[in-house]
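Observations on chain architecture
If you want the building blocks of each chain, they are given just below.
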Amino acid sequence: MRIPRTLIVGGLVVGAICLLAAIGPWIVPFEPDAFSVRERLLPPSAEHWFGTDEFGRDVFSRVLAGAHHSLLMGFGATALSLAIGVPLGMIAAFRRGWTEEVIMRGVDLMISIPPVLLGLLILAVTDPGLMKTMIAVGLVYVPIMTRVSRAVALGLLAEDFVEAARARGEGAFHILAREILPNAWPPLIVETALRITFAILLGSALSFLGLGPQPPDSEWGLMIAESRPFISEAPWIGLAPGLCLCLLLISVNIVGEGLRDLLDPRLRGRGHG
Amino acid sequence: MAGFLARRFLSVLFVLWAMTVLVFAIVHILPGSVAHMILGEFATDAAIVELEERLGLNQPLYLQYWHWFTGLLRGDFGQSLTMERPAAPLILEALGKSAILAGISIVLVAIVGISLGIHSATHVGTWSDRGLTLMQYFFIAVPEFFWCILVILFFAAWLGWLPATGYSPISEAGILGWARHLILPVSTLVLGLIAHISRLVRSSMLEAIESRYVLAARAKGLPERIVLRRHALPNALLPAITILAVDIGILIGGIVVVESVFAYPGLGRMLIYAIDNQDVPLMMGGMIVITTIYALANLAADILYAVLNPRIRVSGTAG
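In short, a report on the structure.

Reading guide: rules and limits
Residues numbered from 1 in each chain as written. Chains lettered and ligands numbered in written order. Predicted model: local features only at pLDDT ≥ 70, side-chain atom pairs only at ≥ 80, totals over all residues. Helix = DSSP H or I, 4+ residues; strand = E, 2+ residues; numbered from the N terminus. Buried ≥ 20, exposed ≤ 12 C-beta atoms within 10 Å, placed from the backbone. Contact = placed C-beta atoms within 7 Å. Expected span 1.5 Å × (residues − 1). Bend = angle between axes of the 7 residues up to and from the residue. Nonpolar A, V, L, I, M, F, W, Y, C, P; charged D, E, K, R; others polar.

Focus: the overall build of chain A
On a plain count of helices and strands, chain A comes out with 10 helices and zero strands. Dimensions along the principal axes, computed over C-alpha positions, put chain A at roughly 75 × 45 × 30 Å. Counting over 273 residues, chain A shows a buried share of 50%.

Here's the deal with the overall build of chain B
Scanning chain B from N- to C-terminus turns up 13 helices and zero strands. The linear arrangement of helices and strands in chain B, starting from the amino end, is α-α-α-α-α-α-α-α-α-α-α-α-α. Residues classed as buried in chain B amount to 37% of the 319 residues present. A sequence separation of at least 24 residues applies to 68% of the contacts in chain B between residues at least 6 apart.

A look at helix α1 (residues 5-27) of chain A
Residues and elements named next belong to chain A. For α1, with 23 residues, the first-to-last C-alpha span of 30 Å sits near the 33 Å given by 1.5 Å per residue. The largest bend along α1 measures about 40° and falls at A21, with the proline P25 one to four residues further on. Every buried residue belonging to α1 is among G10, V14 and I17, and all of these are buried.

Structural notes on unusual backbone geometry
In this chain, P215(A) is followed by P216(A) through a cis amide linkage whose omega measures 5°. By secondary structure assignment, the location of P216(A) is in the loop between α8 (172-208) and α9 (220-227). For Q278(B), which is not glycine, the phi dihedral falls at a positive 55°. With respect to the helices, strands and loops of the structure, Q278(B) is situated in the loop between α11 (267-276) and α12 (280-308).

A short note on helix α7 (residues 144-158) of chain B
Taking 1.5 Å of rise per residue, the 15 residues of α7(B) would be expected to cover 21 Å, and the 20 Å separating its terminal C-alpha atoms lies within 8% of that figure. The sharpest bend along α7(B) measures roughly 30° and falls at I152(B). For α7(B), the complete set of buried residues consists of E144(B), F145(B), F146(B), W147(B), C148(B), I149(B), V151(B) and I152(B). Contacts from the buried residues of α7(B) go to α8, α9 and α10 (236-263) of chain A together with α8 (170-209) and α10 (224-261) of chain B. G160(B) sits one or two positions beyond α7(B) and adopts a positive phi of about 65°.

Observations regarding the interface of chain A and chain B
Across the boundary between the two partners, chain A contributes 36 residues, which contact 43 residues of chain B. Taken together, the elements giving at least two residues each to the side of chain A that touches chain B come down to α4 (115-124), α8, α9 and α10 of chain A. Classifying every residue of the side of chain A that touches chain B gives 22 nonpolar, 13 polar and one charged.

Here you go:
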């Protein structure tokens, strides 16, 4: 198994962004929330790499301090959808009958709401915040994870080693946790990796719409939304977080597709939605 | 075929009914009373009682649901709280505006996306195919709201060619003025979707070109053009239809974002307005209308798929 170069490059970029996000709050050159009236709307310079915003805050420091939001929303939300979706899918595949019927009809129902709308619906009635956006995005992708893990588990349940476990008289939990789960990882990892891009996209879009972290937080989607009144005067306020977001999305996407090509060559080049 | 249609139609009806329950439940059962949500946390008890009286919130939940649901069936979406007008006409008007955006976008995505995909698949390895592939990578990953910022920056702020925001009706501004307001929102909406569709068509077209039925058609001595058009293309387009249905969901999300950025008076912007101003009837009505359209679009895609793919008619389960 040769690891493709694009996967390595993408992985390095994602790793670098994660590292910067983790140590960001300690290495920022300026206090991210500190107002400075005399330094309003300064263009990028040696001192302020990404310029300053309408309150004189250093955009570079803000971008750095806000990086963890996008990562949390992407990885946290996907982890949540895995944590709920995988057990549901496995139970549906194992129990069949009405249990499966109830779970899968619920999934059908959730899938018939457009993702952004489901997120809006959940966030409309609660006070916005990072955790809530993350949970909303995670819930949006539960049905997809349930479908995928059910399909994977159905395939594995027909295998001989499961038959052997049943013959040994193993219980449902043992079969699912010890026999099915370890063998279900490759397709689940692929789906997860591809899902993270969408989770980051959806999370930042919801923040952009004002339903995520609130000011003075420096979530990237929120920063872009706040930069709108100054777009012709000081485009760097929005461009800096936007370009960072694009870099993150493209590299996460490259990693996802690279993993898919590596673990599941049959799906190579197929679109995903 | 009739059985398949009836089953699909019934399941759409069920989904729509369940949606009304879900929307109602999320709005009414989640912590925090609707009256508190509307009046804010510092409302007096008397004001809350008065508002609950006016909105019928003091009735049991099942009665409230019943009134709302039967109202929906009669086309009555209740009264908008912030605009003090019936919600239904407001929603309908906004829906018309959004339909313009969505309609133009879908047609563009289908035509441009499929043509680019076919071009790439028939020119594999050439510079145009490589260029398109590279661009697809980029366009799929860039968020719509950032595109909005970029196009406003270039075409409205720097070049000054197009208006950055707003909408003007044909009756006032003429066709040209109307179209000028649509160019930026529509192009923002379609970029990512065109990349998505063209990528899918490219790979499914490549798969079809390498198949045995295409080999057989070539062996018969058919001209390459006929082989591609009559044998490869119809098979390659089937998956595109399914993805086009998925993309309608993405398009709806995009419309919400694009309308709020471009201050375009459609349903997406109204929904964000309703959420920001806690206008519950407007919000619930908007949600129901959008999910209905999404469900119908998916139904249409399933039917189209079944019509084009004879195998599905026998087994009767699409998607």
